[in-house]
Amino acid sequence: MTSQFNPNAAADEEIPPPERPPSPPPHTTFATRDVYAPTFSAFRPRDIRFTSPQAMNHIAWSCDGKKLGAVGIDKVVRIWSPEKTMEPRSCTTFSGGHTDDVDYIAWNPTHPELFCTSSQKDKRVVFWDGRQTRYVQQIPLKAAPAQLNYSPDGKTILCTTVNRLMSVLTFGKEGEETKEQWHQADMGNKVISASTATFNHVGDGIVLTHQSETYIRILDYPGLNVVQSTPAHVGGCVAAALDPRGRYLASGGRDSIVNLFDLSEWICVRTITACDNAINALSFSYDGEFIAIANAGNYIDICAVETGMPLHRVPALGASPTVSWHPSKYVIAYCGQTKIREGGPPPSAWISLFGPGM
């Protein structure tokens, strides 16, 4: 595999500017609230390309923001230290845990060296410690895992499958075991359908979305009983994210709309209509002031949370299935694959960083 580094984003197609909604109430603006907003239009994406017929599927930051992990083009997990370098050959690689392409990576929220990965083809979840090259543990699953999400204490993982079902992994001792390890939890006779599953900030609730359902479901944990069901999107709900301040739940759908729900009253208080395509993923900035929206278009939208106003449209080398804010900086990471064009160069996988200092 060969790699190419490109410090400047070059848009293959002209990206239309987002449509600006009416001016927001003055009390919600950055100036009134004395909030500093970066001039996002002053920055340019930093793109790293990989010659590969497959896409880079997922990217995620460690809990301290010092490491960035990416998976998708082969059986290898790649970890960078962006503060030092993002050269393709400078990454630390982790292999031997999967027998087929890796699709997803999730970092333990309590330790910056612990992470797990999953593969839809080999139907495994593999646990790693960044301080050693060999994997820590493998868990085979009956169904192909699609997404992973840690609980706030790092001892439970919600796993959604390609069949849109949710399972639970827990960390601890079972029976006569002397060492704590991960196990697949017994959910009794409960069958829970979901495309995505996310813990709340306390860990006693779960937010579920389903691409074929128009509403969001909230379950208690560990009871797994539905406590709230809220209408959200006409064409199915495919993404959700929680504001780090605990004020809002954002949902994204195939209808290209992002809704912001007030968590205290469970009503939709704001709708963001900046995107022109179906939503793929959502991510809040560390302070909850901004939301990044990945969609089926060749761009990432950054919008203000309190007003819903579009602030900047970040050009991308292709549609990104994911986007992730740095846990303490105004920097986003996203990834994907360039478009296949007749008579053009072969497609390549890519990772991009955007924000101050990138």
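This report concerns the structure included in the present document.

Cut-off values and rules
- Residues numbered from 1 in each chain as written.
- Predicted model: local features only at pLDDT ≥ 70, side-chain atom pairs only at ≥ 80, totals over all residues.
- Heavy atoms only, no water.
- Phe/Tyr/Trp six-rings, centres within 6.5 Å; stacked < 30°, edge-to-face > 60°.
- Helix = DSSP H or I, 4+ residues; strand = E, 2+ residues; numbered from the N terminus.
- Buried < 20%, exposed > 50% of the residue type's maximum accessible area, 1.4 Å probe, protein only.
- Lys NZ or Arg CZ within 6 Å of the ring centre and 35° of its normal.
- Pairing = 2+ DSSP bridges.
- Axes fitted to C-alpha atoms, helices over the stretch in contact; angles between N-to-C directions.
- Salt bridge = Lys/Arg side-chain N within 4 Å of Asp/Glu carboxyl O.

Using the criterion set out here, one finds 18 aromatic pairs in the structure. Geometrically, the ring pair formed by F40 and W325 is edge-to-face, given 6.3 Å between the ring centres and 65° between the ring planes. You can see F40 sitting in the loop between strand 1 (3–6) and strand 2 (46–51) and its partner W325 sitting in strand 27 (residues 323–325), a full 285 residues away along the chain. Judged by relative accessible area, F40 falls into the buried class, the value being 3%. Overall, the relative accessible area of 5% leaves W325 in the buried class. Between F127 and W182 the ring centres are 4.8 Å apart and the planes differ by 5°, which places this aromatic pair in the stacked class. With F127 in strand 9 (residues 124–129) and W182 in strand 14 (residues 181–184), this pair connects stretches of sequence that are 55 residues apart. No difference in accessibility class separates F127 from W182, as the two residues are buried. The structure contains a cluster of three or more aromatic residues connected by ring pairs, namely F40, F43, Y286, F290, W325, Y330 and F354. The ring centre of Y299 lies 3.8 Å from the NZ or CZ of R313, which sits over that ring.

Turning our attention to the sheet that holds strand 17 (residues 215–220). Adjacent strands of a sheet form backbone hydrogen bonds with each other and so pair up, either parallel or antiparallel. Taken together, 4 strands build an open sheet; the order of strands is 15-16-17-18 and the sheet is antiparallel. The open sheet is flanked by strand 15 (196–199) and strand 18 (226–231), the only strands paired with a single partner. Mean inter-strand twist for the sheet, computed between neighbouring axes without regard to direction, equals 20°. Across 5 bridges, strand 17 lies against strand 18 in antiparallel orientation. The residue bridging I216 from the neighbouring strand is T230, located in strand 18.

For the coordinates displayed, the defined rule picks out 12 salt bridges. Across the pair D243 and R245 runs a salt bridge, and its minimum N-O distance is 3.5 Å. By relative accessible area, which is 31% here, R245 ends up partly exposed. When the shortest N-O distance is used, the salt bridge between R245 and E306 registers 3.3 Å. Remark: E306 occurs in the loop between strand 25 (299–304) and strand 26 (310–315) and R245 occurs in the loop between strand 19 (237–242) and strand 20 (248–253); sequence separation between them is 61 residues. Via salt bridges that share partners, D243, R245, R247, E289 and E306 belong to a single interconnected network.

We now examine the sheet that holds strand 7 (residues 104–107). Pairing within the open sheet is antiparallel, and its 4 strands lie in the order 7-8-9-10. Strand pairing shows two members of the sheet lacking a second neighbour, strand 7 and strand 10 (137–140), which therefore form its edges. Strand-to-strand, the axes of this sheet are offset by a mean angle of 20°, without reference to chain direction. Pairing geometry for strand 7 and strand 8 (residues 114–119), over 4 bridges, is antiparallel. From the neighbouring strand, Y104 faces strand 8, where its bridge partner is S118.

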